[in-house]
Amino acid sequence: MLASLTPPITLKLELDVLLLGVTFLGLLTRLGGIQFPKAAVFDEVYYGQLVSLYVKQIFFIDESGPPLGHMVLALGAYLGGFDGNFAWNRIGAEYPSNVPVWNLRVIPALAGALCVPLGYLLVVELGYSHHTAFVASLLLLMENSLIVQSRFMLLESVLIFFLLLAMVSYLRFYKLWSFASVVPSSAGWAWLVLSGFACGSAVGVKYMGLFTYLLLLGLASVHMWQLIGDRNLSTVRSGAGRLLALVLIPVLLYLGFFYVHLTLLYRSGPHDQMMSSAFQASLEGGLARITQGQPLEVAYGSQVTLRSLSSKPVPCWLHSHKANYPIRYENGRGSSHQQQVTCYPFKDVNNWWIIKDPGRQNLGVSSPPRPVRHGDIVQLLHGMTSRFLNTHDVAAPISPHSQEVSGYIDFNVSMPLQNLWKVDIANRESERDIWKTILSEVRLVHVNTSAVLKLSGASLPDWGFRQLEVVGEKIYKGYQQSALWNVEEHRYGRTEEQKEREVELQSPTQTDVSRNLSFMARFMELQWKMLTVKSEDSEHKYSSSPLEWITMDTNIAYWLHPSNNAQIHLIGNLVTWVLANIALAGYGLLTLIYLLRRRRKIEDIPEASWDQVVQAGIVCAGGWAVNYLPFFMMEKTLFLYHYLPALTFQILIIPILLEHLYIHVLRNQFQRQVFGGVVLAVLCLVFLVYHIFSPITYGYPELSSDQLSGLRWRESWDILLRKR
């Protein structure tokens, strides 16, 4: 009897057919045929080099952005079994069989495909109808530039995916919070955590993601301020939840990306010399191989090489050689004519110096060794020429406001020896801290003149072999890396004889010392290098300015077939770009009109509709602004693809403005019918332009020269024609 009363198990399933449809079309347009062309396309040459280094686990620095995007591309390579062996040296280079083209391109393509349904969901979460969201997704679907950027081993589609996911997740959380009686369910908190994850990932792909993240934080702060007045809610709990999800999780994620990055890349690589000696010593091979087994504590009699902490203009080591300063320089100033002391950007036996106790004559390390401490007075004797490091009141050759640094030669011309230096350990833990190999950052202060041994960064003329100038800086201001040195290579000297010492300088050491850096120390150094080290900017044929992006006055040729007219270009759907500009201007004008009329107590639309307009403006117009305007302040080579994140948000304004006009501006059914017909015609026009340009979006079918000439809708576009 009881069994007959048990209700049957039911399953309720709701499917958004429109959402499923645009998702399928997004996958079809982005993933279909991504193996073509089987050749390096534009920036695949750049990202491919980084992927190869990941596969081989070789350390590198990429100042263009954090490591998540590169690791995502490397994941595809790893899953495809790529061994990293390919010379990424030119656009159009054919991929051999060991390069898994589909795997390298599938993750960006998948991210680009999912941007289409995410655009749909974002419009829905902003409170607009599913039909409006459908129009938004169609515009994203048929945007040729987004398709091109998604189908290759590039990062813009991955960045846009995380930006849209962050906004959709947060707005979904906010909607659940607004409808909840007290606090949202666990599902609501899950959406907030997902938003924080997406924010951290966006910043982890490219630094430009930071601006959208800050926009979302601003929106969340406004919402939090509005909720503070609700006594039914726990302000502390809701504030702590937002802080945890939107601040702590992104920060931990960002650190986590670097932790994985540094864990994977443990081998010495091409960018080692940009890092400190301590960082280099933590890598397998390279400097670690050279410094393995070095003594940790610098002692009297130690033989050392001193590396400047400054890597500008290049990393270099304190150096001297058997060549003197010229008696007179080209400008007529005189010198001491003593032995040159420079900073040399290559490892060399003339980089070795001996730390000598001024009160003793012996040059070997005693047993037990007597360590050099902060505040001690030392002499530095050049190992190969036996000249003492000296500075005096003689102008430096290139920097006359500073003192000349020399290897002292007694010419008996009333120029006394001034070779005493005080050891000042800048990063010491105590006042009697011991000078440590690699770890200690040392400032050498001249006892007689109080000048600090410093790399000026200037290059000497031919008489100085174009090496870098070292000076004694009397006007020293605070912490300067150019005035700090660290012991990189180190051995305990055992002999007093010059000839034996020259042999000893090239022999390995025996003592084994570990000096592994902590993760945070390596992270801070790498992060600082990424933010401060700039690659040389050069003009590129397809570089452009932000002003050219709005009207698409520029394009980029991504690939050209070596023997026919098949080619791929980054060119957008011109109709969509024009509509997006009109929509942005129209939205701004409409909002201004509403603001002025509301100021005069005239409310043309309900309060809920006004809130909807404001929120859509913050998300879409704000998303366009924060992803576009910062480029005007950047001193770097820019390309059209940098505009694509801003364009994505701008496109979403089109259907939002259309729905607002349809509901709140058009007054009768006839106007709305005509308006609907116009919208349908415009969508057909968008599809027509997408179809016309699809041969240079996908690279096939091949077009004739006349057909390609017909695609040059702007004089500034560079469409490549191959004459037959």
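Residues numbered from 1 in each chain as written. Predicted model: local features only at pLDDT ≥ 70, side-chain atom pairs only at ≥ 80, totals over all residues. Heavy atoms only, no water.

- Looking at an unreviewed UniProt entry, one finds the protein chain named Protein O-mannosyl-transferase 1 and attributed to Denticeps clupeoides.
- Looking at the Pathway (unreviewed entry) heading of the UniProt record, one finds this comment for the protein chain: "Protein modification; protein glycosylation."
- Its UniProt record, at the heading Sequence similarities (unreviewed entry), says of the protein chain: "Belongs to the glycosyltransferase 39 family." (UniProt positions renumbered as here; feature names shortened; annotations may be inferred.)

**As for the overall build of the protein chain**
Line of reasoning, step 1. Secondary structure summary: the protein chain contains 21 helices and 14 strands in total.
Line of reasoning, step 2. Oriented by its inertia axes, the alpha-carbon framework of the protein chain measures out at about 105 × 75 × 65 Å.
Line of reasoning, step 3. Split into buried and exposed, the 724 residues of the protein chain put 54% on the buried side.
Line of reasoning, step 4. Partitioning the contacts of the protein chain with sequence separation of at least 6, the portion at a separation of at least 24 is 75%.
Line of reasoning, step 5. In the structure as shown, the protein chain presents an accessible area of about 32600 Å², 61% of it carried by carbon and sulfur atoms. (Helix = DSSP H or I, 4+ residues; strand = E, 2+ residues; numbered from the N terminus. Buried < 20%, exposed > 50% of the residue type's maximum accessible area, 1.4 Å probe, protein only. Contact = heavy atoms within 4.5 Å. Areas by Shrake-Rupley, 256 points an atom, 1.4 Å probe, with all protein chains shown as cover.)

**With respect to the pattern of salt bridges**
Line of reasoning, step 1. Inspection of the entire model under this criterion finds 18 salt bridges.
Line of reasoning, step 2. The salt bridge partner of Arg172 is Glu125, with a shortest N-O separation of 3.9 Å. Taken as a pair, Arg172 in helix α8 (residues 156-179) and Glu125 in helix α5 (residues 101-125) lie far apart in primary sequence, 47 residues in all.
Line of reasoning, step 3. Note that Arg370 and Asp357 form a salt bridge whose closest N and O atoms lie 2.9 Å from each other. Highlighted residues: Arg370 in the loop between β4 (352-356) and β5 (377-382) and Asp357 in the loop between β4 and β5, separated in sequence by 13 residues.
Line of reasoning, step 4. Residue classification places Arg370 among the partly exposed positions, given a relative accessible area of 26%.
Line of reasoning, step 5. Residues joined by salt bridges that share partners form a network here, namely Arg307, Lys347, Glu488 and Glu489. (Salt bridge = Lys/Arg side-chain N within 4 Å of Asp/Glu carboxyl O.)

**Focus on helix α20 (residues 669-698)**
Each full turn of the α-helix corresponds to 3.6 residues, which orients residues three or four apart in the same direction.
Line of reasoning, step 1. Here α20 spans 42 Å end to end across 30 residues, near enough to the 44 Å set by a 1.5 Å rise per residue.
Line of reasoning, step 2. If you look at α20, its biggest bend is around 45 degrees, right at Ile692, and the proline Pro695 turns up within four residues after that.
Line of reasoning, step 3. For α20, the set of buried residues is Phe675, Val679, Leu683, Val686, Val689, Tyr690, Phe693, Ser694, Pro695, Ile696, Thr697 and Tyr698.
Line of reasoning, step 4. Two to three positions downstream of the cap, the backbone nitrogen of Phe670 sits 3.2 Å from a side-chain oxygen, assigning the N-cap of α20 to Asn668.
Line of reasoning, step 5. Backbone geometry just downstream of α20 places Gly699 in the positive-phi region, at approximately 90 degrees. (Expected span 1.5 Å × (residues − 1). Bend = angle between axes of the 7 residues up to and from the residue. Polar contact = N/O pair within 3.5 Å; in protein donor to acceptor, adjacent residues only side chain to side chain.)

**Regarding the state of the cysteines**
Line of reasoning, step 1. Summed over all chains, the structure comprises 1 disulfide.
Line of reasoning, step 2. The residue that forms a disulfide with Cys316 is Cys343, at a sulfur-sulfur distance of 2.2 Å. Every disulfide takes its handedness from the sign of the S-S torsion; for Cys316 and Cys343 that torsion is 90 degrees, giving right-handed. Of the two residues, Cys316 is situated in the loop between β1 (302-308) and β2 (317-324) and Cys343 in strand β3 (residues 339-344); the sequence distance between them amounts to 27 residues. Each member of the pair Cys316 and Cys343 is classed as buried.
Line of reasoning, step 3. Free of any disulfide, Cys199 has its nearest neighbouring cysteine sulfur in Cys115, separated by 15 Å. (Disulfide = S-S within 2.5 Å.)

**Some points on the pairing of strand β9 (residues 442-446)**
The side chains of a regular strand alternate, residue by residue, between the two faces of the sheet.
Line of reasoning, step 1. Within β9, 5 of the 5 residues are buried, which leaves the element mostly enclosed by the surrounding structure.
Line of reasoning, step 2. Neither face of β9 is open: one carries Val442, Leu444 and His446, the other Arg443 and Val445, and all of them are buried.

**Structural notes on a nonpolar patch on the surface**
Line of reasoning, step 1. The grouping of Leu547, Leu629, Phe632 and Met633 at the surface amounts to a nonpolar patch, some 470 Å² of accessible area in total.
Line of reasoning, step 2. Following the sequence through the fold, Leu629 ends up in the loop between α18 (607-628) and α19 (644-665). (Patch = residues over 30% accessible without salt bridge, like charges linked within 9 Å, V, L, I, M, F, W, Y side chains within 5 Å.)

**Digging into the side chain of Asn350**
Line of reasoning, step 1. Counting through the fold element by element, Asn350 comes out in the loop between β3 and β4.
Line of reasoning, step 2. Given a relative accessible area of 19%, Asn350 falls into the buried group.
Line of reasoning, step 3. Ignoring anything within four residues of it in the chain, the contact list for Asn350 reads Leu318, His319, Ser320, His321, His382 and Met384.

**Things to note about the packing of helix α9 (residues 186-205) against helix α10 (residues 209-228)**
Line of reasoning, step 1. Here α9 crosses α10 at 150 degrees, and the two axes come no closer than 7 Å. Here α10 runs roughly antiparallel to α9, going by the angle between their axes. Between α9 and α10 lies a crossing whose hand is left-handed. From α9, Ser195, Cys199, Ala202 and Val203 reach across to α10, where they touch Gly209, Leu210, Tyr213 and Leu216.
Line of reasoning, step 2. Partitioning the contact of α9 with α10 into residue classes produces 6 nonpolar, 2 polar and no charged. (Axes fitted to C-alpha atoms, helices over the stretch in contact; angles between N-to-C directions. Parallel < 35°, antiparallel > 145°, perpendicular 65-115°, else oblique. Left-handed = near helix turned anticlockwise from the far one by under 90°. Nonpolar A, V, L, I, M, F, W, Y, C, P; charged D, E, K, R; others polar.)

**Some remarks on unusual backbone geometry**
Line of reasoning, step 1. Each neighbour pair has its own omega, and for Lys312 with Pro313 the value is 0 degrees, a cis peptide bond.
Line of reasoning, step 2. Structurally, Pro313 can be placed in the loop between β1 and β2.
Line of reasoning, step 3. One non-glycine residue with positive phi stands out, namely Phe42, at about 40 degrees.
Line of reasoning, step 4. Note that Phe42 resides in the loop between α2 (17-31) and α3 (44-55).
Line of reasoning, step 5. The exposure class assigned to Phe42 is buried, which follows from its relative accessible area of 5%.

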